[in-house]
Amino acid sequence: MASNGPELLQLPPRDAALSGPLSPSLSPGSGSANRANPLSSKITSVLSTSYADSEFRETLALLDARGTSNTAETRRQLRLDAQKDVIDSTGQIIGEFGRVADQLRRIGATVDRLNKSYQEMKSHVAASHEATAATLEEASTLITQKKNVETKQQLLKAFRDHFVLTDDEVASLTLTSEPVNDQFFTVLAKAKRIRKDCEVLLGFENQTLGLEIMDQTSKNVNSAFQKLYRWIQKEFKTLNLENPQINPSVRRALRVLAERPSLFQSCLDFFAEAREQVLSDSFYLALTGLSASGAKDHSVKPIELAAHDSLRYVGDMLAWAHSATVSEREALEALFLSDASEIAKGMQEGRENELWRLMADEGDEGPPEFDAVKALNELVDRDVSGAARILRQRIEQVIQANEDVILAYKVANLLGFYKFTFSRLLGSDSKDAVLLQSMTNLESEALRQFRSLMRDHIATLQGEFQHTPADLAPPDFLQDALKQLSAIMQNYDTSLASSMTKSVLRGDRKAEDADDEDSDEEEDDDNEFQPILAESFDPFLAGCENMASRIRSPSNSIFYLNCLLTARSVLEPYAHFTSHRLSKIQTAVAQHTSKLAESQYESLVEESSLEPLLSSLATLRGDVKADVEKVAKLEPTQPEALLASSQSLDDFLPSAIMDALDNLKHLQDARLAREVTEEAAERFCTDFEHVEALLVLADELREQELAKGGKAGGGGGGGGGGGDEGEEPSLRALFPRTAGEVRVLLS
């Protein structure tokens, strides 16, 4: 069989459908031989084994780990060794489980003992519980009651702390012996909070507690406000507004007292009365150097020492009033305006809570909202009203005693400046202020005095209006009036610049509207100064015009031009507020200049003896043949007349310009006199050019006619020579002057 083994072993084809690689495939005919061949079976078994199985690989790894050598003995004993190892391992496991079983038996015995002990303890606890159940129930009840009591104590303490004032707090609020300090304001704030929170208590069914607390708290709050009111009045009596460090408690007290508008207003009235008296006494001391008690204060220089200088006297009094008003406002700003919002809020709340406000109809809007700035301005005005009355009396005395026109205007202008200053200080809406009304009335009275004095002065000059100066110069009364007007305008201009009226009244200017703004400002200034010009300038100029109307021309124009030019030279430096009047003067100057030019032209025509020639040729035109034909037929162009005119013109021209200027020798503006004469001479030359052109055209027309009427031939030539001797000379030969020569001689 061994020899036949290799022959019977057949390998399967590569594409045989077998599950494992190298698996033997035997032919059907060799089945009996394979069963009888153990080697073939062995090989078949080996070849059928899958070495990709994980268990097989683990088995090989285990054998390798045991260090088993691959010998025949080892391979034969491998199964036995494996079984022996399994039996040994099983024995060890059984031994271990035996020990575990012993431990479990001991644990079971221990658990039985514990259960027995637990049952014994449970029986003891049940017995103890039955014995102490009543005591525990009573203790639990007591603990619950204790917690309820503690809770009520906490609620009562919180309620007392929130809704009840202590005796010390009540004393701090109501007793006048207690100071008004931070504690007072803290307690007052607490009392007001209690009164507000009592509204919550009134929401319950039982309102007795809430009503009682609210009633008691309201009494304490009212007493506190009364105490605060009296304390503020006391502080106001000793308050020094000149001290920059004003007591902060006073400001805080005013903020709090604002919640009672009636008390707050009473405090302001009391303060205003006290300050009015203080400022009145201070003003009297500044005026006289004597205090209200009559004591002499040597540290003060009385303003009355300057009473002889009315303007300085009035200026010193107004300066004192302005300084006092500024100081008063600054002090009151620190006292009231720094807390204006809180004062306004407090007054609004106080008004809303007043009884009559609560009873008012819903449609009633009530009092207006508190305006701190307006109230401050009113308070300042009330403070200085006493001094303002004294100031008005003193200034009225100065105005009534004054007899100087310029001084009257300076006083009026000074009053206007301070009126504007006070209006800025007290606000533009404080038109009813005593100080502003005093300034307005005093300014009006000073202007009335100025107008009255000016009219009296004009009345005294009525006689001078009848006599015109021989040299046609401006009369003395006009010179004096212009001097006064110059002083008035200088004073007005100085006041206008210092008051900065333009920048304040019209606000900041925009760059693109600067030109329009400037013109508007000049318009306003002009309108403001017009009444002054109407009183101090117009009557005198009107008198000069009347005087000019009573004299002959051109003396009337020369005289009035001298007056106008003198007036214009005075007004021009102040053109920014006299532009309207300057424009009227310039119009009048132009009119009278035209009259003078016309008069000069007529004088030139008359003295040159060309008036008949110029007037007869003025209506003729050189481009019309019929007019040219008429030239030689006119009477002034006849040879004798034309020759006489030429001779008169030759006699006139050498001294013509000097004679013309001599006619205007009384005109004080030499440049204007020369311009007027040059204008008249230019007009004369223009007319002369017209005459010259017509004469030339007439001569040309005559020559053309003679050429057409002449005969041809030598006899005609010889006769022509004899005819030339008997012909009339040409117009240009009789009147040889040219326009160029005349223009040169008149230049």
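Asks: Just checking my understanding: could you explain the overall build of the protein chain for this structure?
Replies: Of regular secondary structure, the protein chain possesses 30 helices and zero strands. A burial count over the protein chain gives 34% of its 747 residues as buried. Considering only residue pairs separated by 6 or more positions, the protein chain has 74% of its internal contacts joining residues 24 or more positions apart. About 44800 Å² of surface is accessible on the protein chain, with carbon and sulfur atoms providing 53% of the total.

Asks: How should the nonpolar core be read in this particular structure?
Replies: Nonpolar side chains in soluble globular proteins tend to end up buried together. Within the largest apolar cluster, 71 residues are counted, with the highest numbers of intra-cluster contacts made by Leu228, Ile232, Phe236, Leu318, Ile395 and Leu415. Where this core is concerned, the elements lending two or more residues are helix H7 (182-201), helix H8 (208-238), helix H9 (248-257), helix H10 (261-288), helix H11 (310-335), helix H14 (372-401), helix H15 (405-426) and helix H16 (434-460). Apart from residues no more than four positions distant in its own chain, Ile232 is found in contact with Ala253, Leu254, Leu257 and Cys267.

Asks: Help me out: how do you make sense of H9 in this one?
Replies: Every α-helix carries 3.6 residues per turn, so stepping three or four residues along brings you back to the same face. By the burial criterion, the buried members of H9 are Ser249, Val250, Ala253, Leu254, Val256 and Leu257. Buried residues in H9, looked at end-on, bunch into an arc of 165°, giving them a common side. Packed against the buried residues of H9 are H7, H8, H10 and H11.

Asks: Just checking my understanding: could you explain helix H27 (residues 670-709) for this structure?
Replies: Between its first and last C-alpha, H27 extends 58 Å over 40 residues, near the 58 Å set by a 1.5 Å rise per residue. With a side-chain oxygen positioned 3.2 Å from the backbone nitrogen of Arg671, the residue opening H27 is Asp669.

Asks: Would you explain the side chain of Ser608 in this entry?
Replies: Relative to the helices and strands, Ser608 is located in the loop between helix H22 (575-607) and helix H23 (611-617). For Ser608, the contacting residues outside a window of four places in its chain are Ser648, Leu649, Phe652 and Phe684.

Asks: In this structure, what is going on with the side chain of Glu169? I would like to understand it.
Replies: Tracing the backbone through its elements, the reader meets Glu169 in helix H6 (residues 167-174). The exposure class of Glu169 is buried, given its relative accessible area of 17%. Of the polar contacts made by the side chain of Glu169, one reaches the side chain of Lys190; its length is 3.3 Å. If we ignore the near neighbours within four places in the chain, the residues touching Glu169 are Val164, Val187 and Lys190.

Asks: Honestly, the pattern of salt bridges in this entry has me stumped. Any pointers?
Replies: Oppositely charged side chains can pair when the atoms bearing their charge come close. The full count for this structure, using the stated rule, is 25 salt bridges. With its nearest N and O atoms 3.1 Å apart, the salt bridge here joins Asp182 to Arg252. One end of the pair, Asp182, is in helix H7; the other, Arg252, is in helix H9, and 70 residues separate them in sequence. A residue is classified by how much of its surface remains accessible, and Asp182, at 51% relative accessible area, is exposed. Under the relative-accessibility criterion, Arg252 is labelled partly exposed at 28%. Among the ionic pairs, Glu276 bridges to Arg389, the shortest N-O distance being 2.4 Å. You can see Glu276 sitting in helix H10 and its partner Arg389 sitting in helix H14, a full 113 residues away along the chain. Shared partners join several salt bridges into a network, and the residues in it are Asp650, Arg737 and Glu741.

Asks: What exactly am I supposed to notice about the environment of Asp168 here?
Replies: Inspection of the secondary structure puts Asp168 in helix H6. Between the alpha carbons of Asp168 and Val187 there is a distance of 9.8 Å; along the sequence they are 19 residues apart.

Asks: Help me understand the environment of Ser438 in this model?
Replies: Tracing the backbone shows Ser438 in helix H16. Sequence spacing of Ser438 and Ala388 is 50 residues, and the spatial spacing of their C-alpha atoms is 7.0 Å.

Asks: So what exactly am I meant to see when it comes to the packing of aromatic side chains here?
Replies: Aromatic ring pairs: the centre-centre distance and the angle between the two ring planes describe each pair. On inspection of all chains with the given rule, the structure shows 13 aromatic pairs. Considering the side-chain rings of Tyr492 and Phe577, the 4.8 Å spacing of their centres and the 65° angle between planes classify their relative orientation as edge-to-face. Here Phe577 lies in helix H22 and Tyr492 lies in helix H17 (residues 476-499), a separation of 85 residues in the sequence. Taken together, the aromatic side chains of Tyr492, Phe529, Tyr574 and Phe577 make up a single cluster linked through ring pairs. A cation sits over an aromatic face here: Arg683 above Tyr601, 3.9 Å from the ring centre.

How each quantity is defined
Residues numbered from 1 in each chain as written. Predicted model: local features only at pLDDT ≥ 70, side-chain atom pairs only at ≥ 80, totals over all residues. Heavy atoms only, no water. Helix = DSSP H or I, 4+ residues; strand = E, 2+ residues; numbered from the N terminus. Buried < 20%, exposed > 50% of the residue type's maximum accessible area, 1.4 Å probe, protein only. Contact = heavy atoms within 4.5 Å. Areas by Shrake-Rupley, 256 points an atom, 1.4 Å probe, with all protein chains shown as cover. Core = buried A, V, L, I, M, F, W, Y, C linked by side-chain atoms within 4.5 Å. Arc of directions from axis to C-beta. Expected span 1.5 Å × (residues − 1). Polar contact = N/O pair within 3.5 Å; in protein donor to acceptor, adjacent residues only side chain to side chain. Salt bridge = Lys/Arg side-chain N within 4 Å of Asp/Glu carboxyl O. Phe/Tyr/Trp six-rings, centres within 6.5 Å; stacked < 30°, edge-to-face > 60°. Lys NZ or Arg CZ within 6 Å of the ring centre and 35° of its normal.

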